[in-house]
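Structural overview for review
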Amino acid sequence: NAGVTQTPKFRVLKTGQSMTLLCAQDMNHEYMYWYRQDPGMGLRLIHYSVGEGTTAKGEVPDGYNVSRLKKQNFLLGLESAAPSQTSVYFCASSWRHPVDFNSPLHFGNGTRLTVT
Amino acid sequence: AQSVTQPDIHITVSEGASLELRCNYSYGATPYLFWYVQSPGQGLQLLLKYFSGDTLVQGIKGFEAEFKRSQSSFNLRKPSVHWSDAAEYFCAVVDSGNTGKLIFGQGTTLQVKP
């Protein structure tokens with residue numbers, strides 16, 4: 001089992017460029033999340049999805065868009081990158097709602113993005 | 001709104017010493033609480049979770065945590081730290097709505113001295 005796979009692992013963008021981060025899970029999970037991690041701030045939720053075809057905003061959605069056209073994939077897009085979006089991005093997924101005792105959250109290994 | 005606070009940004013302990021990482025939460029109802037560990041360059045791995053019942057929870061890698069409602073705390077402990085425990089540790093609580101999203105603390109970086 002691959003689990004949660006994020007591509008790419010590293011990326012450097014110039015201000016104003018666009019890119020898409022891909023998260024793929026092979027566990028048939030319903031819930032998927034995109035977090036960003038910044039020093040001293042823990043992880044903050046950008047967008048999330050509770051099922052195929054659904055998306056919703058998290059704490060820090062500005063400057064990002066997402067799509068969940070297929071259940072196994074959750075895409076995070078940056079239309080016009082800014083230096084403030086320099087961060088490490090983590091995708092996570094769970095089979096059911098994370099309060100289900102048997103539905104732990106699985107994390108990918110992260111994408112390190114630098115915007116110059 | 002729910003929040004999680006980890007008062008210690010960095011902690012250094014000697015190998016073999018005991019460890020306690022603090023976590024305080026703000027939540028109206030019974031919280032669902034988690035501790036995650038992140039090794040350098042890796043994603044987050046679940047150490048343990050508390051949903052209800054016994055307030056002392058055992059996790060992987062010899063970690064345990066105690067839920068104390070009166071103190072709004074969920075501190076992580078380990079009796080004897082190993083060098084491989086050096087990592088960043090996150091406490092989290094599940095949001096009260098139907099989203100399932102986790103609210104994370106700021107993280108505590110653990111350094112282990114030989």
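Up top you'll find the structure we're talking about.
Residues numbered from 1 in each chain as written. Chains lettered and ligands numbered in written order. Predicted model: local features only at pLDDT ≥ 70, side-chain atom pairs only at ≥ 80, totals over all residues. Heavy atoms only, no water.

All names here are of chain A. Strand order in this open sheet of four strands is E1-E3-E8-E7, and the pairing throughout is antiparallel. With partners counted over all chains shown, the strands left at the sheet margins are strand E1 (4-7) and strand E7 (65-67), one partner each. Neighbour-to-neighbour, the strand axes of the sheet open up by a mean angle of 20°, direction not taken into account. Where strand E3 (residues 19-25) lies against strand E8 (residues 73-78), six bridges are found, and the strand directions are antiparallel. Residue Leu 21 lies in a different strand from E8, and its bridge partner there is Leu 76. (Pairing = 2+ DSSP bridges. Helix = DSSP H or I, 4+ residues; strand = E, 2+ residues; numbered from the N terminus. Axes fitted to C-alpha atoms, helices over the stretch in contact; angles between N-to-C directions.)

Here the focus is the interface of chain A and chain B. Contact residues are listed per partner, giving 22 residues for chain A and 23 residues for chain B. At the boundary of chain A with chain B, total buried surface from both sides reaches about 1800 Å², with 61% on carbon and sulfur atoms. Joining chain A to chain B, the criterion identifies zero salt bridges. Here chain A and chain B share three residue pairs in polar contact (both at pLDDT 80 or more) between them. If you list the elements that add at least two residues to the side of chain A that touches chain B, you get strand E4 (31-37) and strand E5 (43-49) of chain A. Looking at the side of chain A that touches chain B element by element, the count peaks at four residues for E4(A). Along the lines of polarity and charge, the residues of the side of chain A that touches chain B split into 15 nonpolar, six polar and one charged. (Contact = heavy atoms within 4.5 Å. Buried area = accessible area lost by both parts, 1.4 Å probe. Salt bridge = Lys/Arg side-chain N within 4 Å of Asp/Glu carboxyl O. Polar contact = N/O pair within 3.5 Å; in protein donor to acceptor, adjacent residues only side chain to side chain. Nonpolar A, V, L, I, M, F, W, Y, C, P; charged D, E, K, R; others polar.)

Looking now at the packing of aromatic side chains. All names here are of chain A. Within the structure shown, the criterion is met by 16 aromatic pairs over all chains. Geometrically, the ring pair formed by Tyr 35 and Phe 107 is tilted, given 6.3 Å between the ring centres and 40° between the ring planes. Of this pair, Tyr 35 sits in strand E4 while Phe 107 sits in strand E10 (residues 106-107), and the two are 72 residues apart along the sequence. Note on Phe 107: relative accessible area 10%, which makes it buried. (Phe/Tyr/Trp six-rings, centres within 6.5 Å; stacked < 30°, edge-to-face > 60°. Buried < 20%, exposed > 50% of the residue type's maximum accessible area, 1.4 Å probe, protein only.)

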